[in-house]
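# Geometric and topological summary
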Amino acid sequence: MEEKMDRIERQLRLYELVCSYAVTDLRTIEEAFPGIGRRMIQRDLKDLKDAGLVSVNYVKKAQGYVKEKQRPEFNEETEPRRKAHLKRLNRIGRLMSELYNEDIPLWEKKDNEEDGDVRDYVTSKDSYNELFPGLSERTRQRDFEVLCRLGYQVTYDHRDRCFIQEEFNMGWMEAPEVIDDDYLNGTW
């Protein structure tokens, strides 16, 4: 039996998918999310817009969703329970593209210090705290767990005493101003 995906994970995977293409056709979305209906996809896209991550419009000629050039504003005008979900969605969506890490193993730091290279390294934790000041350590851990389930590896190596983060930057493919037959046929 196939394991059911959490709502936040499904929405973040959809966000990743939509950001990767200038035009995301329905067939691509349906292949990525088998068993998920179009109404659910539309609700997820609305949540992504309300969370301030991405806004798309369905263009019949392109037979898919086209991203708007400007990222939408976070929708403050929503009920508290939904707002909490949208804040979490925004936070993790931003981490997918903005989290960075310069940390190196402790032994390497000590070698560098002996060579006179003494500096501070920005860790994934430092980066998180810069992006979202005032959030609890447990919230950060939970957010990193979601990133890991999505395939973005952010872990702490207790042996080397450093954060390990695979380089991940989501792509953002711009849609053209005009979607014409040449664009759809790939002959632009």
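In short, a report on the structure. No experiment lies behind these values; they were computed from the predicted model shown.

### Some details on the pairing of strand E5 (residues 162-165)
- Looking at chain direction, strand E4 (residues 154-157) and E5 are connected through 4 bridges and run antiparallel. In the sheet register, threonine 155 faces E5, and the bridge partner there is isoleucine 164.
- In sequence, E4 turns back onto E5 through a hairpin of 4 residues, with arginine 161 there showing a positive phi of about 55°.

### Comments concerning helix H3 (residues 38-50)
- Along its 13 residues, H3 runs 18 Å from first to last C-alpha, staying within 8% of the 18 Å computed at 1.5 Å per residue.
- When H3 is considered as a whole, its buried residues turn out to be Ile41, Asp44, Leu45, Asp47, Leu48 and Asp50.
- Buried residues along H3 sit in contact with helix H1 (7-20), helix H2 (26-32), strand E2 (56-59), strand E3 (64-67) and helix H4 (80-98).
- Two residues or fewer after H3 comes glycine 52, characterised by a positive phi angle close to 80°.

### Here we look at the packing of H4 against helix H6 (residues 124-131)
- Two elements in contact, H4 and H6, have axes whose closest approach is 11 Å; the angle formed by their N-to-C orientations is 130°. Considered as vectors, H4 and H6 are oriented oblique to each other. With respect to the hand of their crossing, H4 and H6 are arranged in right-handed fashion. In this structure, H4 contributes Arg91, Arg94, Leu95 and Glu98 to the contact, and H6 contributes Ser127, Tyr128 and Leu131.

The rules behind each value
- Residues numbered from 1 in each chain as written.
- Predicted model: local features only at pLDDT ≥ 70, side-chain atom pairs only at ≥ 80, totals over all residues.
- Heavy atoms only, no water.
- Pairing = 2+ DSSP bridges.
- Helix = DSSP H or I, 4+ residues; strand = E, 2+ residues; numbered from the N terminus.
- Expected span 1.5 Å × (residues − 1).
- Buried < 20%, exposed > 50% of the residue type's maximum accessible area, 1.4 Å probe, protein only.
- Contact = heavy atoms within 4.5 Å.
- Axes fitted to C-alpha atoms, helices over the stretch in contact; angles between N-to-C directions.
- Parallel < 35°, antiparallel > 145°, perpendicular 65-115°, else oblique.
- Left-handed = near helix turned anticlockwise from the far one by under 90°.

Read these as geometric descriptors, not functional statements.
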